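Close look at the chain arrangement
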Number of protein chains: 2
Amino acid sequence: MFNRKSSVLKSATTHILGYYTTFKKYILYKRKTPLKNDCAIEKTLNVISGKWKPAILSQLLKTNLRLRDIQKGLPEASKRSLTQQLREMIEDGLIEKKDFHQFPKKTEYSITYLGTQLSSVFQELSKFGDKLE
Amino acid sequence: MFNRKSSVLKSATTHILGYYTTFKKYILYKRKTPLKNDCAIEKTLNVISGKWKPAILSQLLKTNLRLRDIQKGLPEASKRSLTQQLREMIEDGLIEKKDFHQFPKKTEYSITYLGTQLSSVFQELSKFGDKLE
DNA sequence: CTGTATCCGGGAAGATACTG
DNA sequence: CAGTATCTTCCCGGATACAG
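Labelled according to an unreviewed UniProt entry, chain A appears under the name Helix-turn-helix transcriptional regulator, originating from Aquimarina algicola.

This is the structure in structure tokens:
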């Protein structure tokens, strides 16, 4: 989960797992600045602090949703960002995806049991946020 | 607190408060992507999710500290990052700074009452983090 | 010792076009 | 519809030198 691999295209010099390469192709690399995964607090922050993650999770805590519906609720977010953050949250086990094999494509995102346990975290975050200014 | 101003040097084209300029000098600018400050959850996340903030706050929840001591506890963080994150947390009212006017300089950072209320947030974050893998 | 000035690299996320 | 490919912009935080 930490040092999460992402795919990226670099046209010039880039790095693979810490080593540099100049090949122009999609590669997997580890995050440059490793997270302090020995701290439970930072672990949680890392899985929920994507730009749209709290918003998505709040929605999914209420009901299952298709990508289209998530977009409708977050019109400012690009589709790319949303699918990326959804993918990360699937990797982290917070949510699940179900594919209905049909055309046009249909998928549905839902919260996992682990994900539901975030609600007490959100409750505290919200309580504190109300005290700010 | 949101749309916090930062100073930055751009050698080419950059923007001031949303408008673009090509002057090469230090300017103040607002964040390009405004935060959704209507959500209490995101408010909290925004004030605690700097790279070293949770670590600093955890320390200050125990005792007052000088910059030197914070650095000792976080040898991987640069001085610049630490002072910057400390400054932001002062702006957000989480911590306070006391200057002893002497030479060599001496200052001391301490948690505010608002800051102490973060402990229940951290508790939940920590509890959830233990459930991750 | 505390803090700022300056420069820079890299990862996150936006825009847009395309695929199945 | 759902998702990826590609390029671009932005901004956080590291390194280093300097100032009071």
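Back to the text.
This paragraph deals with the environment of Phe100 of chain A. Residues and elements named next belong to chain A. Within the element layout of this structure, Phe100 appears in strand S5 (residues 95-100). In this structure Phe100 comes out as partly exposed when scored by relative accessible area, which is 26%. In this structure Phe100 touches Lys106, Thr107 and Glu108, once residues within four positions along its chain are discounted.

Residue and element names in this part refer to chain A. For helix H4 (residues 79-91), which comprises 13 residues, the first-to-last C-alpha distance of 18 Å matches the rise-based estimate of 18 Å (1.5 Å per residue) to within 8%. Those residues of H4 that are buried are in contact with helix H1 (40-48), helix H2 (53-62), helix H3 (67-73), S5 and strand S6 (106-111). Phi for Gly93, located one or two positions after H4, is positive at around 80 degrees.

After a rotation of 180 degrees and a shift along the axis of 0.0 Å, chain B superposes on chain A with an RMSD of 0.1 Å. Expressed as an axis order, the relation between the two copies is that of a two-fold axis. Mapped onto chain A, 100% of the interface residues of chain B again fall at the interface, so both copies present the same surface.

Every contact between the two is made by 33 residues of chain B and, on the other side, 34 residues of chain A. Buried area between chain B and chain A, summed over both chains or domains, comes out near 3100 Å², and the portion from carbon and sulfur atoms is 71%. At the surface where chain B touches chain A, the tally comes to zero salt bridges. When residues of the side of chain B that touches chain A are traced back to their parent elements, those giving at least two are helix H1 (40-48), helix H2 (53-62) and helix H6 (118-129) of chain B.

Reading guide: rules and limits
- Residues numbered from 1 in each chain as written.
- Chains lettered and ligands numbered in written order.
- Predicted model: local features only at pLDDT ≥ 70, side-chain atom pairs only at ≥ 80, totals over all residues.
- Heavy atoms only, no water.
- Helix = DSSP H or I, 4+ residues; strand = E, 2+ residues; numbered from the N terminus.
- Buried < 20%, exposed > 50% of the residue type's maximum accessible area, 1.4 Å probe, protein only.
- Contact = heavy atoms within 4.5 Å.
- Expected span 1.5 Å × (residues − 1).
- Least-squares fit on C-alpha atoms with pLDDT ≥ 70 in both.
- Buried area = accessible area lost by both parts, 1.4 Å probe.
- Salt bridge = Lys/Arg side-chain N within 4 Å of Asp/Glu carboxyl O.

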